[in-house]
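# An overview of the molecular structure
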Amino acid sequence: MNILLNFILILSFFLSFSIITHSQEPLYHICPNTTVFTGNSNYPTNRNQTLSSLTSNGNRSIGFYNTSAGQGPNDVFGVFLCRGDATIDQCQNCVASAAKEIVELCPVEVEAVIWYDFCLLRYSNRSLVSMANSPTVYKSNTQNISDQTRFNSLLATSMRESATAAANAKSGEKKFAVKEVNFTAFQTLYNLAQCTPDLSTADCIQCLDIAISQLPACCNGKQGGRVLTPSCNIRYEMYRFYTAPSPPPSPPPSPVILPPPPPTGSSGDMSTAAIIAIVAPSVSVLLFCMGCIFLRRRAKKNYNTLPGDASGVNEITTAGSLQVNLNTIQVATNNFSRDNKLGEGGFGEVYKGLLPNGQEIAVKKLSRGSSQGSEEFKNEVLLLAKLQHRNLVRLLGFCLEGEEKILVYEYVSNKSLDFFLFDEEKRGQLDWSRRYKIIGGIARGILYLHEDSRLRIIHRDLKASNVLLDGEMNAKISDFGMAKIFVVDQTQGNTSRILGTYGYMSPEYAMHGQFSVKSDMYSFGVLVLEIICGKKNSSFYQTDGAYDLGSYVWKHWREGTPMEVLDPVLEDSYSRNEVLRCIQIGLLCIQEDPIDRPSMATVVLMLNSYSVTLPMPRQPAFLLQSRSEQNMPMKGLESNSYSTTKSAVSGSVDDASITDVYPR
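Residues numbered from 1 in each chain as written. Predicted model: local features only at pLDDT ≥ 70, side-chain atom pairs only at ≥ 80, totals over all residues. Heavy atoms only, no water.

### Quick look at the packing of helix H12 (residues 432-452) against helix H17 (residues 600-608)
Close contact between H12 and H17 brings their axes to 9 Å; oriented N to C, the two are set at 150°. When the axes of H12 and H17 are compared, the pair comes out roughly antiparallel. The crossing of H12 and H17 is left-handed. In this structure, H12 uses Tyr436, Ile439, Gly440, Ala443, Arg444, Ile446, Leu447, His450 and Glu451 to contact H17, whose residues at the interface are Met600, Ala601, Val604 and Leu607. Residue classes in the contact of H12 with H17 are distributed as nine nonpolar, two polar and two charged. (Axes fitted to C-alpha atoms, helices over the stretch in contact; angles between N-to-C directions. Helix = DSSP H or I, 4+ residues; strand = E, 2+ residues; numbered from the N terminus. Parallel < 35°, antiparallel > 145°, perpendicular 65-115°, else oblique. Left-handed = near helix turned anticlockwise from the far one by under 90°. Contact = heavy atoms within 4.5 Å. Nonpolar A, V, L, I, M, F, W, Y, C, P; charged D, E, K, R; others polar.)

Structure below.
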């Protein structure tokens, strides 16, 4: 028995050693030949100096270093990042190999990036201090996984936990995390997430979010996969491909009270009474723990399914730490002064406030006659208390006193998207780079709601006035009063109460009350086209032979003149490829059949990877209406929008098996 045990231990050691110390071979490299240096340039000298500096600093304990050489147009910036579990020797050897190989592979290019198992190295004629998720390389294991649905759910959860742990590393530490979870009794899932240590927590999360969102497209159903970018990378496998972290030191042993020796029998026997004395306490503790786990799971299940308590008080009190005193809100808003009013909509008014600690807030005061009653109020509080994402507006608190129902949000300084987009003077502030950034932010926020949050959430009222812009013009989705919570495996629902804003609602929802994640995709498509064109969907009526914005864009798409729909204020300050890609995405999202519309995970991939070929869109759904119908009130439709009056609210165990590569 001892011989067999020793053999297993030795075999495990050599197996682990062979995995960790395989030869340094590059996984992939990219050096665009669009820009090269000339023979009489100082660029190669500066590049060699930069690479030499990187190589000499390969022994840094943090496994990261950036440097530069030269000046003016011949500046060369360089950086390397070693995998978090690599030893100093492994890191140093990898950086040296990369510095040598990259010159051979990219002899005259002014920028390049190369990836190895243990490191990445890149150089460029531009500064490398900001977050970069392009170019991107995907690699997938050729072997398929069983039970894909359960595996995908487990992978998404565990990868998200690794990403969060990596991003929240302290300043000066490696932004690196690994995790292992049981998939079956005999299979374990291992994953890894890492960012360059110079990224902020928010940028690291954003970089990893984008990488994780691309797994379904590159690696769905595969036993392993990875996404490599210049600023972050992720990987998962069904075997431990990294060095397991050292366990924390064990606490000093507690004093052990030995049972009395057996009164009779041989020295190797133990009395029944002694066995019971030892086992009984352990069984009791085990049963107690199982009971606690059962109760916690049942409580969590009840909380997630949101039982219909009419008043909403029972659920809301679970977020008691968010409750704000009415007097505090009155003082902050100068008793809801007209001067502090930000906007007004069907559900109430929004005010700007200032807390005693100097924090600015946006206060949503629901009107007593509002159609958003206790159910919608409870819905929004519970949703926002759970949701945490940089592209969603953050709930700071709520008040439920007497007949008052009040929500307190973070104040978002740059108002709402419609405030800029549909104003003749202000829309010039939204250049193409900002618009493209806003589209990407909205997509990531909706992706979080649809797939990455604790529950599947349908917003049901995505539109320009519900997208807020912070000081850096980052998009933040707001107004969750009409959001619908689904259980994880639910994909669609029906309602007899049609809520939303006409023009943004999908045909199946507006006419039949059928809603799903594809309903949000339709609204997203309309919003994308509005951002591109700078025109309201509702402003069209047989304009240029079109009934609405979708038919207007579709007409130019069919005629081969799609760039004519672009907002004229953008002039030449745009990327033609990005504009065309966004127009195509918008048209794909507003197709009549929900099945034809892409998921938000696919859209995020389309926005971030030019290697993805987009399908050709079909004719969109046209909700035709006469002018008289346009001016008629929409019976049965309720709007949760408000018009902005001042500032807007709230504010195999062998890497050789991984052969499928998809560079971006």
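### Notes on the pairing of strand S5 (residues 119-124)
In terms of burial, S5 is largely enclosed, as six of its six residues are buried. Where burial is concerned, the two faces of S5 agree: the one with Cys119, Leu121 and Tyr123 and the one with Leu120, Arg122 and Ser124 are both buried. Strand direction decides the pairing type here: strand S3 (residues 76-82) and S5, joined by six bridges, are antiparallel. Directly across from cysteine 82, in S5, lies its bridge partner cysteine 119. Where strand S4 (residues 112-115) and S5 come together, four bridges link them in antiparallel fashion. Residue pairing across strands places isoleucine 114 opposite leucine 121, the latter belonging to S5. (Buried < 20%, exposed > 50% of the residue type's maximum accessible area, 1.4 Å probe, protein only. Pairing = 2+ DSSP bridges.)

### Topic: the side chain of histidine 450
With respect to the secondary-structure elements, histidine 450 resides in helix H12. The class of histidine 450 is buried, set by a relative accessible area of 5%. Here the side chain of histidine 450 touches aspartate 520 through a polar contact of 2.9 Å, side chain to side chain. For histidine 450, the contacting residues outside a window of four places in its chain are Arg456, Ile457, Val517, Asp520, Met521 and Met600. (Polar contact = N/O pair within 3.5 Å; in protein donor to acceptor, adjacent residues only side chain to side chain.)

### Overview of the packing of aromatic side chains
Going through the model one piece at a time under the given rule, you end up with nine aromatic pairs. On the numbers, 6.5 Å between centres and 40° between planes, the contact of tyrosine 65 with phenylalanine 80 is tilted. With tyrosine 65 in strand S2 (residues 64-69) and phenylalanine 80 in strand S3, the pair connects residues that are 15 residues apart, well separated along the chain. Of the two residues, tyrosine 65 and phenylalanine 80, both sit in the buried class. Plain terms: the ring middles of phenylalanine 241 and tyrosine 242 are 5.1 Å apart, the flat faces sit at 85° to each other, and that makes the pair edge-to-face. Overall, phenylalanine 241 belongs to the buried group, its relative accessible area being 3%. Tyrosine 242 gets classed as buried once you look at its relative accessible area, which sits at 3%. What links up through ring pairs into an aromatic cluster is the set Phe151, Phe183 and Tyr236. The aromatic ring of phenylalanine 241 is capped on one face by arginine 235, whose charged end is 4.3 Å from the ring centroid. Between lysine 365 and the ring centre of phenylalanine 336, over which it is positioned, the NZ or CZ distance is 5.2 Å. (Phe/Tyr/Trp six-rings, centres within 6.5 Å; stacked < 30°, edge-to-face > 60°. Lys NZ or Arg CZ within 6 Å of the ring centre and 35° of its normal.)

### A short note on the sheet that holds S2
If you walk across this open sheet you meet the five strands as S1-S4-S5-S3-S2, and the pairing is antiparallel. The sheet is open, and its two borders are formed by strand S1 (28-30) and S2, each paired with just one other strand. Across the sheet, the mean angle separating the axes of adjacent strands is 5° when strand polarity is ignored. Looking at chain direction, S1 and S4 are connected through three bridges and run antiparallel. Bridge pairing in S4 links isoleucine 30 to valine 113. Running over the sheet, helix H3 (residues 88-105) touches S1, S3, S4 and S5 and is turned about 45° from S5.

Just distances and angles here, no functional claims.
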